[in-house]
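Notes for the structure review
The chain contents come next:
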Amino acid sequence: MVLPLFPFVIFILIIVGLVWQRNIAKRVDRMEKEIKALQARITGMTLAAPVSDAVTETAPAEPVVTAQTAIDAPQDETIAEPQIAAMASEAETPVVQEAILPAPETAPVVATVQAQEERESLESWLGARWAVWVGGVALAFGGLFLVKYTIEAGLLGPAARLSLAALFGLVLIAAGELIRRRAMPELSDRFGNAMIPGALTAAGSVTLMGAVWASYAVYEFIGPTPAFIALALVSFATIALSLLHGQALAGLGLLASLVTPALVATENPNANALFGFLALVWLAVNAASRFRQWTVVPTLANVGLGLWSFLYLVGSGHDASMLPAVLALLVMLAGTCFYWPGRYASLIGPEKAGISTLLGRMPLQTTLSVSLVTMLFSLGMLGSEPMGAFDLLACASILLAALAAFGALRAYAVWPAILAAIGAVLGMAIIAINWLDTVSTLLDGQLTTTTAAPVEPHVWVYLLLGAVFPALGFVFLKRFRQSEPDFSIIWAFLMPAVPVAIATISFLNFGNLNRDWTHGLYGIVLGLSLLAGADWLFRRGEQTEDAKIDWPANLLVAGSFAGFTLALHTLTNGIVTTIALSALGFLYVLAMRIRSWPALPWMMAAATLIVFGRIAWEPTVIGANSLGTTPFFNALLPGYGIPTLLAIASAWMLRNATDFRIRNIMQALASLSALITVAVLVRHAMNGGTLETTVPTLGEQSIYTLITVGFSGILMMLDLKSPSPVFRFGSMIAGVLATANVLSLHLLGLNPYITGEGTGPWPFFNLLLLGYLMPALAYALVAYLARERRPMPYVLMLAISGGILGFAWATLSVRRFWQGENIADWKGFVAAETYTYSVVWLLIGIVLLVLGSRFNQRSLRLASAALVLIAVLKVFLIDMSNLEGILRALSFMGLGGVLIGIGLFYQRILVKKDGNKRPGDSAATPEGTVS
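Note that the coordinates shown come from a computational prediction; the quantities given were computed from them, not determined experimentally.

Here is what the cut-offs are and how they apply
Counting starts from 1 at the beginning of each chain's written sequence and moves along it residue by residue. Given that the model is predicted, a residue must reach a pLDDT of at least 70 before its local features are reported, and side-chain atom pairs must reach 80 or more before they are shown or counted; all residues, however, enter totals for whole chains, interfaces and linings. As a convention, hydrogens and water are excluded, and side-chain values are obtained from all of the structure's heavy atoms. Numbering of helices and strands runs from the N terminus; a helix is a DSSP stretch of H or I covering at least four residues, while a strand is a stretch of E covering at least two. Each residue's exposure class comes from its accessible area (1.4 Å probe, protein chains only) as a fraction of the maximum for that residue type: buried when under 20%, exposed when over 50%, partly exposed otherwise. Contacts: residue pairs with any heavy atoms within 4.5 Å of one another. Note on areas: Shrake-Rupley with a 1.4 Å probe; residue coverage comes only from the protein chains shown. Exposure above 30% relative accessible area and the lack of any salt bridge qualify a residue for a patch; like charges then connect within 9 Å, and the nonpolar side chains Val, Leu, Ile, Met, Phe, Trp and Tyr within 5 Å. We count a salt bridge whenever a side-chain nitrogen from Lys or Arg sits within 4 Å of a carboxyl oxygen from Asp or Glu. Centres within 6.5 Å make a pair out of two Phe, Tyr or Trp rings, where for Trp the six-membered ring is used; the pair is then stacked when the planes are under 30 degrees apart, edge-to-face when over 60, and tilted otherwise. Comment: the charge-over-ring label is applied if NZ (Lys) or CZ (Arg) is within 6 Å of the ring centre and within 35 degrees of the ring normal. The span expected for a helix works out to 1.5 Å for each residue beyond the first. The definitions used throughout rest on a 1 Å grid laid over the protein atoms alone, on which a cavity is an enclosed set of points accommodating a 1.4 Å probe that cannot get out and a pocket is an open set flanked by protein within 12 Å on both sides along at least five of seven lines; lining residues are those having an atom within 4 Å of a point. Grid points are joined across faces, edges and corners, and a volume is the space filled by probe spheres set on the points. Here the nonpolar group is Ala, Val, Leu, Ile, Met, Phe, Trp, Tyr, Cys and Pro; Asp, Glu, Lys and Arg are the charged ones; every other residue, Gly included, is treated as polar. Convention adopted: a line fitted to C-alpha atoms gives each axis, helices being fitted over their contacting stretch, and angles between N-to-C directions are expressed from 0 to 180 degrees. Small angles under 35 degrees read as roughly parallel and large ones over 145 as roughly antiparallel, with 65 to 115 read as roughly perpendicular and the rest as oblique. For a crossing to be left-handed, the near helix must be turned anticlockwise from the far one by less than a right angle; the clockwise case is right-handed. Whenever two N or O atoms come within 3.5 Å, that pair is a polar contact, provided that in protein one can donate a hydrogen and the other can accept it, and provided that, for residues adjacent in sequence, both atoms are side-chain atoms. To define a nonpolar core, start from buried Ala, Val, Leu, Ile, Met, Phe, Trp, Tyr and Cys residues and group those joined through side-chain atoms within 4.5 Å. Known as pLDDT, the predictor's confidence for each residue is given on a scale from 0 to 100.

Let's shift gears to the overall build of the chain. Counting secondary structure elements, the chain contains 35 helices and zero strands. Residue burial in the chain is summarised as follows: out of 931 residues, 43% are buried. Put simply, 72% of the contacts in the chain that link residues at least 6 apart link residues at least 24 apart. In the structure as shown, the chain presents an accessible area of about 48000 Å², 69% of it carried by carbon and sulfur atoms.

Here is the structure:
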């Protein structure tokens, strides 16, 4: 019976001997270094005596270590080895050099030496770190193998074996503590995460937990409750010992604590006991972390508590209460906010950070882990019940509100604020989606008697959760607005964004779409609160801020507009909402007479854009069935006209605004709104009182082209009166769009020659006049006005477009003269028609030549030359083969006569231009004889 204990006793004696020998060697080495340091100090004091008093007075004061104080001081604490080494190096340096060189210059040298010492070699890593932890693991396995050996040999009973294992674990822990007390001080600084005492303590803790587990699971000596208590005590003791042995041992104790509930299972698990224990573990870990300023172990504790919460959510039935897990997570949130890191975040991270590093500031891993765990667990609860149980909704809302409160109470907690907002919006969206799926299922199953609408408390929970963010935002802005300007911007954005998003989801899914006073009053109260908050911030900013833009205050102004916009959509509908939105934006512009807030005029721009969105969603603004057929005088006139007039009035009021951006934007929006209004009224009138999405006719498209070209000219005139980049570039954009319509629709897509559309019974006042000649004249007028006011390529584009339209009108008019009202291509050509084209083209070329010469416009003369060239090509390529008899002869005779006349005309022009300056002319020859 004694033989199996012999290796164990020998092992213990070896450990004690090594500790004793190491202690003696360490004490001898320290004494030798202290003697050398004292000798060096005495030598330095002797050499420093001749130095002048002035130099001595300027030298920095340092504590004088005498021989008596060195002997009287405790040998393991007072005089540390780095101090002794510094004293020795001080003595070896010449005193004169020490007196001449300033003290601060030695700091970089010391830092360089320390940096070189911190570079650990492979030998040091293998020998001092890797070996320690592998040795600790080996000791733990040794204890386990010792128990296994006694089992296989059958020498001891189960109780004795487990007692020996427990004794072995206690011995390892005691040995670790003994070595820690006798270890050299520099070992703790250099090998803090690989100390031999910590490795021995960890091995002892593992051995003790193994003994307790075997007593419960293998031999059934103890029941689940004693086993749970014993494992918990070992875990807590390990966490407590980590204060002495480092963060790695705390991680081991945390792991043991998290595994303990899984190892000790019962038939009727108690959720309250489980999460109460986990909350105590979390508090113990964070207490140790605060004392030692750790960040990794608290993060692991957050993740562990979150994993247990998810396992409980997934494994428990639908009837199980989530309250224990919620309370444990609330303990985690409160402990992180008030205890660790709490207000002590500056101990482990920078106090300030710019917007580029705001999301990555310390303590990142702690706040991010807490935020993710809370948000994901809340979303899991909301998604676990398709019907949206009220207790789960309440628990999730409480957690998200607590997370948002954490973000508002701490200046560094940016992630809790952001993730709480994301979780709140996503949670409400998840409930809405699940509810819609449930409604669809009920309708498909024809269970129409079952109501699927949520009860009133559900909606109030949504709205209260949204209201939490403005309230907390005001708390944050009051405390940290000056010290945290970047984070204040984030909170100022979340304050209106979250409640408006949640209320919108709630209204669209659960509200009364005709008129909902609950959501409407909510939007009004929210808008008024944010507007009052903006006034409060602006007043404080006038006293404490400089001329910089106060983004939080301006964002609250925008948030108030969002709240009022929500109220308008919940209390009104159709054309009333569209007009009221423009009126709301105009009120913000009028408010500039009372408050000079930069954000006020931008609300009119936002209102106009929202009106554009509503028009794109429902172009009739009142419903297709309710829209009248009377041209112009129908619901479209106020629905489009009033917002347009308000936009124009706002642009006029902002014409002298110092902020050129909002001035230009409002001018552009007002111009675009006017163009859309006219175009929609024309389409309604041209299509029998409907706004169907069919392809327009040539007549309708011609009106659009005239409107666009006219819009380009109007913007150009406005730019001449009040220069603005919006007017300048807007006029050119309108001209380009009109030109694209001409090339794609007038000449190709809607050309009556291609489509076969009738041109009308009247000879001149017909579709060709509206579709080609009038746009050609409009292009010519705008091109004339754009000379020397717009880039030459743009002017040429307008002139060429007008010329092409005029040429198309003349050509198609010839075809209508010979073919009648229908000029489709399938009717072919007659000989007289082909001849007439040549005559008309040549006549147009002559007219352009005369006009170009009369007004000295080179562009008209070039257009004439191009048209004559086209006529020449037609005569030689088409008329020669298609015409016969007298028409062919007349075609060539007419072409020849016109070309000779044009040549003679150009000769006279060139002679008048050059005069007698040509070298070959005689000075006495009269000018008229040349011609």
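With that out of the way, let us pick up a nonpolar patch on the surface. Where nonpolar side chains cluster on the molecular surface, the patch consists of L743, M792, L796, I800 and I804 and spans about 460 Å² of accessible area. Relative to the helices and strands, L743 is located in helix α28 (residues 725-749).

The omega torsion of the bond from W340 to P341 falls at 0°, within 30 degrees of zero and hence cis. Within the chain, Q293 stands out as a residue other than glycine whose phi angle is a positive 60°. In this structure, Q293 sits in the loop between α13 (271-292) and α14 (296-315). Take Q293: its relative accessible area is 42%, and that puts it in the partly exposed class. Residues other than glycine seldom take positive phi values, yet E788 does so here, at roughly 60°. Inspection of the secondary structure puts E788 in the loop between α30 (767-785) and α31 (792-819).

This paragraph deals with the packing of aromatic side chains. Enumeration over the complete set of coordinates arrives at 16 aromatic pairs. Between F228 and F277 the ring centres are 4.9 Å apart and the planes differ by 65°, which places this aromatic pair in the edge-to-face class. Residue F228 is found in helix α11 (residues 224-245), and its partner F277 is found in helix α13; the two are separated by 49 residues along the sequence. According to the relative accessible area criterion, F277 is buried, its value standing at 6%. An aromatic cluster of three or more residues is present, and its members are F469, F476, F480, F487 and W491. The cationic tip of R290 hangs over the ring face of Y339; the distance from NZ or CZ to the ring centre is 4.8 Å.

Moving on to helix α25 (residues 636-653). Residues separated by three or four positions in an α-helix point in the same direction, a consequence of the helix having 3.6 residues per turn. Counted at 1.5 Å a residue, the expected span for α25 with its 18 residues is 26 Å, and the 25 Å between its end C-alpha atoms agrees. Looking at α25, one finds that the buried residues are L636, G639, Y640, G641, P643, T644, L646, A647, S650 and A651. On its buried side, α25 packs onto α23 (575-590), α24 (600-617) and α26 (660-686).

With that settled, the discussion passes to empty space enclosed by the protein. A complete count under the given rule lists four cavities of 30 Å³ or more for this structure. Estimates place the volume of the second largest cavity at around 40 Å³. If you trace the second largest cavity, you find it lined by V611, F612, I615, G639, Y640, P643, T644, S673, I676 and T677. For the lining of the second largest cavity, the secondary structure elements donating two or more residues are α24, α25 and α26. Sort the elements by how many residues they give to the lining of the second largest cavity and α25 lands first, with four residues. For the lining of the second largest cavity, the class distribution of residues is six nonpolar, four polar and no charged.

The next point concerns the pattern of salt bridges. Counted by the stated rule, this structure contains seven salt bridges. The closest approach of N and O atoms between R595 and D535, which form a salt bridge, is 3.1 Å. Taken together, the positions of R595 in the loop between α23 and α24 and D535 in helix α21 (residues 517-544) put the pair 60 residues apart, joining distant regions of the chain. Accessibility expressed as a relative area gives 28% for R595, which makes it partly exposed. When the shortest N-O distance is used, the salt bridge between R790 and D719 registers 3.4 Å. Remark: D719 occurs in helix α27 (residues 698-721) and R790 occurs in the loop between α30 and α31; sequence separation between them is 71 residues.

Attention now moves to the environment of L636. In this fold, L636 is placed in helix α25. Residue classification places L636 among the buried residues on the basis of a relative accessible area of 0%. For the pair L636 and I622, spaced 14 residues apart in sequence, the C-alpha to C-alpha distance is 8.3 Å. L636 has contacts with P619, T620, L627, G641, V680, L681, H684 and L691, leaving out every residue within four places of it along the chain.

This paragraph deals with the packing of α25 against α26. Axis separation between α25 and α26 bottoms out at 8 Å; the angle between their running directions is 160°. Looking at the two axes, α25 sits roughly antiparallel to α26. α26 is crossed by α25, and the crossing has left-handed handedness. From α25, L636, L637, Y640, G641, P643, T644, A647, I648, S650 and A651 reach across to α26, where they touch M666, Q667, A670, S673, A674, I676, T677, V680, L681 and H684. Here the residues of the contact of α25 with α26 are counted per class, giving 13 nonpolar, seven polar and no charged.

Moving on, we come to the environment of A558. With respect to the element layout, A558 can be found in helix α22 (residues 551-571). With 28 residues separating them in the primary sequence, A558 and L530 have C-alpha atoms 8.8 Å apart.

The next point concerns the layout of surface pockets. There is about 1400 Å³ of room inside the second largest pocket. Lining the second largest pocket are 34 residues, and of these A799, G803, L848, L860 and A863 lie nearest its centre. Put simply, the parts of the chain that give the lining of the second largest pocket at least two residues each are α30, α31, α32 (831-854) and α33 (858-882). The biggest single contributor to the lining of the second largest pocket is α31, with eleven residues. Residues that form the lining of the second largest pocket fall into these classes: 26 nonpolar, five polar and three charged.

So, on to the side chain of T299. Summarising the element assignment, T299 is placed in helix α14. We classify T299 as buried; its relative accessible area is 13%. Among the polar contacts listed, one links the side chain of T299 to the backbone oxygen of T295, at a separation of 2.8 Å. Non-local contacts of T299, meaning those with residues more than four positions away in its chain, are made with Q365, T366 and S369.

If you look at the biggest cluster of nonpolar residues, it comprises 111 residues, and the most contacted ones within it are F377, M381, M428 and W491. Judged by nonpolar contacts, the second largest core, of 23 residues, contains L698, M716, A786 and I823.

Locating G253 in the fold gives a position in helix α12 (residues 247-263). A sequence separation of 47 residues divides G253 from V206, and the C-alpha atoms of the two residues are 9.4 Å apart. When near neighbours in sequence (up to four residues on either side) are disregarded, G253 contacts S235, T238 and I239.

Turning to the side chain of T374, a few remarks are in order. With respect to the secondary-structure elements, T374 resides in helix α16 (residues 364-384). Beyond its immediate stretch of four places on either side in the chain, T374 contacts M332, L333, L399 and L403.

What follows covers the packing of α31 against α32. Viewed as axis vectors pointing N to C, α31 and α32 meet at an angle of 150°, and their least axial separation amounts to 10 Å. When the axes of α31 and α32 are compared, the pair comes out roughly antiparallel. When you trace α31 past α32, the crossing you get is right-handed. Mapping the contact onto sequence places F807, A810, T811, V814, R815, W818 and Q819 in α31 and A832, E833, T836, Y837, V840, W841 and I844 in α32. Per-class residue counts for the contact of α31 with α32 are nine nonpolar, three polar and two charged.

Before going further, it helps to examine α23. With 16 residues, α23 should cover 22 Å at 1.5 Å per step; its first-to-last C-alpha distance of 23 Å lies within 8% of that length. The set of residues buried in α23 consists of I575, T577, T578, L581, S582, L584, G585, F586, Y588 and V589. Among the structural elements, α22, α24 and α25 are those in contact with the buried residues of α23.

Right, let's get into the confidence of the model for the chain. Of the residues in the chain, 70% have a pLDDT of 70 or more, and the chain-wide mean is 76. Residue range residues 350-362 is modelled with pLDDT below 50. Its contacts to residues more than four positions away, or to other chains, number 27 contacts.

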